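# Report on the structure
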Amino acid sequence: MARHLITSAIPYINGIKHLGNLVGSQLPADLYARYLRTRGHEVLFLCATDEHGTPAELAAAKAGKPVADYCAEMYAVQADIAQRFGLSFDHFGRSSSEQNKRLTQHFAGVLADNGLIEEVEQRQIYSETDGRFLPDRYVEGTCPNCGFEDARGDQCDNCTKQLDPEDLIDPRSTISGATDLEMRATKHLMLRQSQMRGQLSDWIESKSDWPLLTTSIAKKWLNDGDGLQDRGITRDLSWGVPVKRGDAEWPGMEGKVFYVWFDAPIEYIACAQEWQDAGGGDWARWWRTDKGADDVRYTQFMGKDNVPFHTLSFPATIIGSGEPWKLVDYIKSFNYLNYDGGQFSTSRGRGVFMDQALEILPADYWRWWLLSHAPETSDAEFTWENFQASVNKDLADVLGNFVSRITKFCRSKFGEAVPEAGAFGEAEEALIADLGERVARYGAAMDAMEVRKSAAELRAIWAAGNEYLQAQAPWTTFKTDPDAAAAQVRLALNLIPLYAQLAAPFIPDASAKMLAAMRVEDTGWPDDIPTALTRLAPGHAFDVPEVLFAKITDEQREDWAERFAGVRE
Ligand SMILES: Nc1ncnc2c1ncn2[C@@H]1O[C@H](COP(=O)(O)OP(=O)(O)OP(=O)(O)O)[C@@H](O)[C@H]1O
Ligand SMILES: [Zn+2]
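Residues numbered from 1 in each chain as written. Chains lettered and ligands numbered in written order. Predicted model: local features only at pLDDT ≥ 70, side-chain atom pairs only at ≥ 80, totals over all residues.

Rules: UniProt positions are given in the numbering used here, feature names are shortened, and annotations may be inferred rather than shown by experiment.
If you check an unreviewed UniProt entry, the protein appears there as Methionine--tRNA ligase from Sulfitobacter albidus. Turning to the protein, the UniProt record has this under Subunit (unreviewed entry): "Monomer." Here is the UniProt Sequence similarities (unreviewed entry) comment for the protein, exactly as written: "Belongs to the class-I aminoacyl-tRNA synthetase family. MetG type 1 subfamily."

### Observations regarding the nonpolar core
Test applied: A set of buried Ala, Val, Leu, Ile, Met, Phe, Trp, Tyr and Cys residues, joined to one another through C-beta atoms within 7 Å, is what we call a nonpolar core. Partly exposed residues are those whose C-beta has more than 12 but fewer than 20 other C-beta atoms within 10 Å; 20 or more makes a residue buried and 12 or fewer makes it exposed, with C-beta atoms placed from the backbone. Each residue is represented by a C-beta atom placed from its backbone, and any two residues with such atoms within 7 Å are regarded as in contact.
Of all hydrophobic cores here, the largest spans 150 residues; its most connected members are Leu19, Leu46 and Tyr499. Ignoring sequence-local partners within four residues, the contact set of Tyr499 consists of Leu399, Trp462 and Met514. Ranked by size, the runner-up nonpolar core spans eleven residues in total, among them Ile125, Phe133, Cys143 and Leu181.

### Notes on the sheet that holds strand E16 (residues 342-343)
Applied cut-off: One requirement defines pairing of two strands: DSSP has to find at least two bridges between them. Secondary structure follows DSSP: runs of H or I at least 4 residues long count as helices, runs of E at least 2 residues long count as strands, and numbering of each begins at the N terminus.
Read from one edge to the other, the open sheet built from three strands follows the order E16-E15-E17, with strand pairing classed as mixed. Sheet topology places E16 and strand E17 (380-382) at the edges, where each strand pairs with a single neighbour. Where strand E15 (residues 337-339) meets E16, two bridges bridge the pair, whose relative direction is antiparallel. Bridge pairing in E16 links Asn338 to Gln343.

### Focus: the environment of Phe258
Examined against the element boundaries, Phe258 turns out to sit in strand E12 (residues 257-258). With 188 residues separating them in the primary sequence, Phe258 and Met446 have C-alpha atoms 38 Å apart. Beyond its immediate chain neighbours, meaning those up to four positions away, Phe258 contacts Thr104, Ala108, Ile233, Thr234, Gly240, Val241, Val243 and Asp263.

### Looking at the sheet that holds strand E3 (residues 91-94)
For clarity, the threshold we go by: A fitted line through C-alpha atoms serves as each axis, taken over the contacting stretch for helices, and the angle formed by two N-to-C directions is quoted from 0 to 180°.
Read across the open sheet, the five strands follow the order E3-E2-E1-E13-E14; overall the sheet is parallel. Both edges of this open sheet fall to E3 and strand E14 (330-334), since each of them pairs with a single strand only. The mean inter-strand angle of the sheet, taken between neighbouring strand axes irrespective of direction, is 20 degrees. Here five bridges tie strand E1 (residues 3-8) to strand E2 (residues 42-49), and the two strands are oriented parallel to one another. Paired with Leu5 across the strands is Leu44, a residue of E2. Strand contacts of helix H1 (residues 19-38): E1, E2, strand E13 (296-303) and E14, with the helix running at about 150 degrees to E13, the strand carrying the most contacts.

### Quick word on H1
So the rule is basically this: Bend, at a single residue, is the angle you get between axes fitted to the 7 residues ending at that residue and the 7 residues starting at it.
Of all the bends in H1, the greatest, near 40 degrees, is centred on Gln26, and the proline Pro28 appears no more than four residues after it. With 18 of its 20 residues buried, H1 lies for the most part within the structure.

### Considerations on the site of ligand 1
Worth spelling out the cut-off: We call a residue near a molecule or strand when its C-beta atom, built from the backbone, sits within 6 Å of it. For this classification, Asp, Glu, Lys and Arg are treated as charged, while Ala, Val, Leu, Ile, Met, Phe, Trp, Tyr, Cys and Pro are nonpolar and the rest, including Gly, are polar.
Lining the immediate surroundings of ligand 1 are 20 residues, of which Ala9, Gly20, Gly24, Gly303 and Thr346 lie closest. Looking at the shell around ligand 1, the element that brings in the most residues is H1, giving five residues. Tallied by class, the residues present in the shell around ligand 1 amount to ten nonpolar, eight polar and two charged.

### Points about the packing of helix H14 (residues 451-472) against helix H16 (residues 482-503)
Threshold: For classification, angles of less than 35 degrees are called roughly parallel, those exceeding 145 degrees roughly antiparallel, those between 65 and 115 degrees roughly perpendicular, and all remaining angles oblique.
The interhelical angle for the contact between H14 and H16, taken along N-to-C directions, is 170 degrees, at an axis separation of 11 Å. The orientation of H14 with respect to H16, classified from their angle, is roughly antiparallel. On the side of H14, the interface is formed by Leu458, Ile461, Trp462, Gly465, Leu469 and Gln472, while H16 contributes Gln488, Ala492, Leu495, Tyr499, Leu502 and Ala503.

Printed below as a string of structure tokens:
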């Protein structure tokens, strides 16, 4: 038994997440956490909302609410949807927590003590009308790169170029529309990442088992151009973690906050403290290598745009502190899931969002499709045709039909209990041996976090049961040899709890229904397949379950495709 710390990239607070966000971070992290728990490992699975920064302030302003209230409301919304999607966090925290505030200020203090923070004078856009500096998205204007007129101060949505507010042509305030903007001097803190380039580079080079997507992005930032750059970690905003040097005031930094990308990953640690404070357990055992976290294996999940911050900036904070914090052991990153010929977009309301998804189908349908099509080696695309096809085939025809067919057949010929007669023959032994190998391969793929491959192995395990039924045809056998048919049915019924346990990380609700119908306790991972397949003894009573998965009709598909073609208001 090992100890696994798992974190998902923390979802930003300014709206309900779309299916791309889900499959790029929280969902595969949940798959892995659930899998490791079934294998008997000790798991701490953490996630939180990422609440600071200008997009939250702007979204709150748009909603006409104080930003703290807005974040509290959106946190509740996200926590509820996550729960309904079966995301099995041990704790779902908030980056605006007191714990994170203290830790963020602590890290800034020790980094400064270690000479890794530089105070710089910068000239930034100031608005007379608004009486404040205008960082990031508080400025809009024309993109110097492509001429798009509504480019934001941090990025152009049209050509995706990363920008600084002062790059914009004809800048205007997003708050008031004011154009009486001027450059004013202001003081900021820079994290001297460039000083740590050698250390970070050695560390990344040592991670030969990481996904290529992860290491290639890290190496690009380490080596392209002039190499790793220092990074501003403060902003002239009011919403955020106030800049302090540990517990002490930081002269010249009054009224400023840390940049959201500095405090957000620190929330992974703070979240464990929140978990402890909520009655969870000892957080330091998971995070401090001087307090028992030495044997913890730490895995992070995220989409590709988050990789630079997790491979370089956050490790710079951790390593630079010189304190015994746990460093990440493995970073599983994902490409993008696109929506029907374009991109998912929260700001433009394009695609299917988590709440809408659950309005039309239960979580397991989405979990299965998303995970079995996870954008691992390249970007992937959600289309309604593909969604319909895989749900109908994998879940309804292969798994659902197997369960329904064999339980109903047993009820009609032998009653609602496992039949006793007959013995396993060659075909049964062959299936048991085949499943033994397949389950081992499935476990290996899950251990390696190869999400699509795991789904394919699982689907093949379900299909093997169907092929067995098809070939042995107990309904035909029954006419000439009812005892042989009884043995066939007994084996097939025993496949149901096996399938349920193996599938639980992917489709937890259906799995629980299958176990309930077969009246068995979840005993975790089946270590020995021959034993698992004789678990339901003769006479063991069961219930024919309700339909596990309904097929998606062409009408539904067309209806949904139309409903989700536009943008969400
Ligand atoms: N289309 C996508 N496919 C896969 N992962 C994605 C996609 N878009 C975002 N992600 C990932 O989702 C996680 C949560 O993202 P976050 O809440 O910060 O939203 P975001 O990156 O601003 O995206 P958006 O603006 O589209 O909502 C991050 O790990 C991010 O990399
Ligand atoms: Zn542009």
